[in-house]
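Descriptive analysis of the structure
Now for the letters of each chain:
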Amino acid sequence: SRLEEALFIAGMSRHEEGAAEAAALLVHFAGYVQARFDVGEIWSRYTEAILRRIGGHDLIWALYYDSRGGMRQQQGRLREAIEDSRLAVAAKERVLGPDAAEVAMSLTNLANHMAHGADFVEALEVNRRAFEILARTLGHDHPRTTIANTNHAQYLFRLGRFDEAIDVARAALAVFERETDPNGL
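The rules we used
Residues numbered from 1 in each chain as written. Predicted model: local features only at pLDDT ≥ 70, side-chain atom pairs only at ≥ 80, totals over all residues. Heavy atoms only, no water. Helix = DSSP H or I, 4+ residues; strand = E, 2+ residues; numbered from the N terminus. Buried < 20%, exposed > 50% of the residue type's maximum accessible area, 1.4 Å probe, protein only. Contact = heavy atoms within 4.5 Å. 1 Å grid on protein atoms, 1.4 Å probe; cavity = no way out; pocket = protein on both sides within 12 Å on 5 of 7 lines; lining within 4 Å. Points joined across faces, edges and corners; volume = space filled by probe spheres on them. Nonpolar A, V, L, I, M, F, W, Y, C, P; charged D, E, K, R; others polar. pLDDT = per-residue confidence, 0-100. Core = buried A, V, L, I, M, F, W, Y, C linked by side-chain atoms within 4.5 Å. Salt bridge = Lys/Arg side-chain N within 4 Å of Asp/Glu carboxyl O. Phe/Tyr/Trp six-rings, centres within 6.5 Å; stacked < 30°, edge-to-face > 60°.

**Some thoughts on the overall build of the protein chain**
- Along its length, the protein chain carries 9 helices and 0 strands.
- When the helices and strands of the protein chain are placed in sequence order, the string is α-α-α-α-α-α-α-α-α.
- Projected onto its principal axes, the C-alpha positions of the protein chain cover 55 × 40 × 30 Å.
- Each of the 185 residues in the protein chain was classed as buried or not, and the buried ones make up 41%.
- Taking contacts inside the protein chain between residues at least 6 apart in sequence as the whole, the part at least 24 apart equals 55%.

Laid out in structure tokens, this is it:
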């Protein structure tokens, strides 16, 4: 894969940060996207080994925690997925501050893990914070903000708050309709 090639090139050129970033992305693709947990675990251990060796690099640690958290969710290990997302949020906050769009992206992951565990009340609150950050930093009509809004509608729906869910979902749909080509081009 291209990520494996990137990892190989980074390793050959002794670019440790690049190798760690590529390995963290391999955790996501192997462990979450492909649900190849055995491979994801290997990339996870490799990523952690590089990061521990080079020290620091909170943003790469955050990428790693987000990636591993996704894999943990796929494995049904929700408690660990939630903990990984909290670690990702904390790492990003240390570098970027509490109101950065990248922090919000990890918050949406955290909310999704909570929702997979049927904790829709907490997922709704975490997602609300993510949405507010994204709306301030990227704007209400940005696709990332709109995705957080669709998640919000889903959590409201799961809590039986149907009228609120419909209003939020309609607002998200209006953005998607404005931002996409109706012919799929």
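Let us keep going from here.
**As for the side chain of Thr145**
- Mapping Thr145 onto the fold places it in helix H8 (residues 143–158).
- In this structure Thr145 touches Phe131, Leu134, Ala135, Leu138, Gly139 and His140, once residues within four positions along its chain are discounted.

**A word on the layout of surface pockets**
- Volume-wise, the largest pocket comes out at about 630 Å³.
- Residue lining of the largest pocket: 24 residues in total, with His28, Asp66, Met105, Thr108 and Asn109 positioned closest to the centre.
- Those elements that place two or more of their residues in the lining of the largest pocket are helix H2 (16–33), helix H4 (58–74), helix H6 (101–116) and H8.
- Looking at the lining of the largest pocket, the element that brings in the most residues is H4, giving 8 residues.
- Classifying every residue of the lining of the largest pocket gives 9 nonpolar, 10 polar and 5 charged.

**Describing the confidence of the model for the protein chain**
- Here the protein chain shows a mean pLDDT of 92. Residues at 70 or above account for 93%.
- Averaged pLDDT values for the elements of the protein chain fall to 69 in helix H1 (residues 2–12) and rise to 98 in helix H5 (residues 78–96).

**Here we look at the nonpolar core**
- Counting residues in hydrophobic clusters, the biggest one holds 26 residues, and the most contacted among them are Leu107, Leu110, Met114, Ala123, Val126 and Tyr155.
- Of all the secondary structure elements, the ones that give two or more residues to this core are H5, H6, helix H7 (120–137), H8 and helix H9 (162–179).
- Top element by residues in this core is H7. It accounts for 9 residues.
- Among residues more than four places away in sequence, those in contact with Leu110 are Ile82, Ser85, Arg86 and Val126.
- Counting residues in hydrophobic clusters, the runner-up holds 12 residues, among them Trp61, Tyr64, Tyr65 and Ala91.

**What about the pattern of salt bridges?**
- Tallied over the entire structure, the rule returns 17 salt bridges.
- Close ionic contact of Glu48 with Arg68 constitutes a salt bridge, the shortest N to O distance being 3.5 Å. Of this pair, Glu48 sits in helix H3 (residues 37–54) while Arg68 sits in helix H4, and the two are 20 residues apart along the sequence.
- Between Glu102 and Arg144 there is a salt bridge whose closest N-O contact spans 3.2 Å. Pair noted here: Glu102 is in helix H6 and Arg144 is in helix H8, with a separation of 42 residues, a long-range link.
- Taken together, the shared-partner salt bridges in this structure form one network comprising Glu41, Arg72, Arg77 and Glu80.

**Some points on the packing of aromatic side chains**
- Per the counting criterion, the structure on display carries 5 aromatic pairs.
- Between Trp43 and Tyr46, the ring centres sit 6.1 Å apart and the planes meet at 80°, which makes this aromatic pair edge-to-face. Of this pair, Trp43 and Tyr46 both sit in helix H3, separated by 3 residues, roughly a single helical turn.
- The class of Tyr46 is partly exposed, set by a relative accessible area of 39%.
- Pairing Phe157 with Phe162 gives two aromatic rings, centres 5.2 Å apart and planes at 65°, and the pair type is edge-to-face.
- Put simply, the rings of Trp61, Tyr64 and Tyr65 pair up and form one aromatic cluster.

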